[in-house]
Amino acid sequence: MPTNKFDTYNPHDLVIIGLDTDDRDDHPLYDERAMRQPEDTFIRNVQIHGVLMPVIVRQDGDRLLVVDGRQRVLAARAA
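Now for a description of the structure that goes with this document. (Residues numbered from 1 in each chain as written. Predicted model: local features only at pLDDT ≥ 70, side-chain atom pairs only at ≥ 80, totals over all residues. Heavy atoms only, no water.)

## Structural notes on the overall build of the protein chain
Working step 1: The helix and strand inventory of the protein chain stands at two helices and three strands.
Working step 2: Starting at the N terminus and ending at the C terminus, the protein chain contains elements arranged as β-α-β-β-α.
Working step 3: A compact globule built from 79 residues should have a C-alpha radius of gyration of about 12 Å, and the protein chain, at 12 Å, falls within 12% of that.
Working step 4: By principal-axis analysis of the C-alpha atoms, the protein chain measures approximately 35 × 30 × 15 Å.
Working step 5: Here the protein chain holds 79 residues, and 30% of them are scored as buried.
Working step 6: Sequence-distant contacts in the protein chain: of pairs separated by 6 or more residues, those separated by 24 or more amount to 59%.
Working step 7: Counting every atom, the protein chain has about 5,600 Å² of accessible surface; 48% of that belongs to carbon and sulfur. (Helix = DSSP H or I, 4+ residues; strand = E, 2+ residues; numbered from the N terminus. Rg over C-alpha atoms; globule rule 2.2 N^0.38 Å. Buried < 20%, exposed > 50% of the residue type's maximum accessible area, 1.4 Å probe, protein only. Contact = heavy atoms within 4.5 Å. Areas by Shrake-Rupley, 256 points an atom, 1.4 Å probe, with all protein chains shown as cover.)

Shown next, in the form of structure tokens:
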């Protein structure tokens, strides 16, 4: 597992609350916008350029929970 804020992660290893878990609006990291699929143009952009803005995660035991960047993670998964 990467050890600092500049390391990279496999997007499939990151956990999006509500999408990858059964949690809903009772969880502080739940965001209903994570249920939307990213636009095809955004996915293509990630395929070409990668994820340019950092995804912010929080460690919860052995899981990495996405705090900010859910759509970026979804686009990277699709790419």
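This is not the end of the story, as more comes after the structure.
## Description of the nonpolar core
Working step 1: Within the largest apolar cluster, seven residues are counted, these being Leu 14, Ile 16, Ala 34, Leu 64, Val 66, Val 73 and Leu 74.
Working step 2: Going through the elements one at a time, strand 3 (63-68) and helix 2 (70-78) are the ones with two or more residues in this core.
Working step 3: Apart from residues no more than four positions distant in its own chain, Val 66 is found in contact with Leu 14, Val 15, Ile 16, Leu 29, Val 55, Ile 56, Val 57 and Val 73. (Core = buried A, V, L, I, M, F, W, Y, C linked by side-chain atoms within 4.5 Å.)

## Digging into the sheet that holds strand 2 (residues 56-60)
Working step 1: An order of 1-3-2 is seen for the three strands of this open sheet, with the pairing classed as mixed. Strand pairing shows two members of the sheet lacking a second neighbour, strand 1 (14-15) and strand 2, which therefore form its edges.
Working step 2: Alignment of strand 2 against strand 3, held across five bridges, turns out to be antiparallel. Residue pairing across strands places Gln 59 opposite Leu 64, the latter belonging to strand 3. (Pairing = 2+ DSSP bridges.)

## With respect to the side chain of Arg 77
Working step 1: Here Arg 77 shows up in helix 2.
Working step 2: Taking relative accessible area as the criterion, Arg 77 reaches 19% and is therefore assigned buried.
Working step 3: Here Pro 11 takes part through its backbone oxygen, which lies 3.0 Å from a polar atom of the side chain of Arg 77.
Working step 4: Engagement of the side chain of Arg 77 in a polar contact is seen with the backbone oxygen of Leu 14, the distance being 2.6 Å.
Working step 5: If near-sequence neighbours (up to four positions away) are discounted, Arg 77 is found in contact with Pro 11, His 12, Leu 14, Ile 16, Leu 19 and Asp 20. (Polar contact = N/O pair within 3.5 Å; in protein donor to acceptor, adjacent residues only side chain to side chain.)

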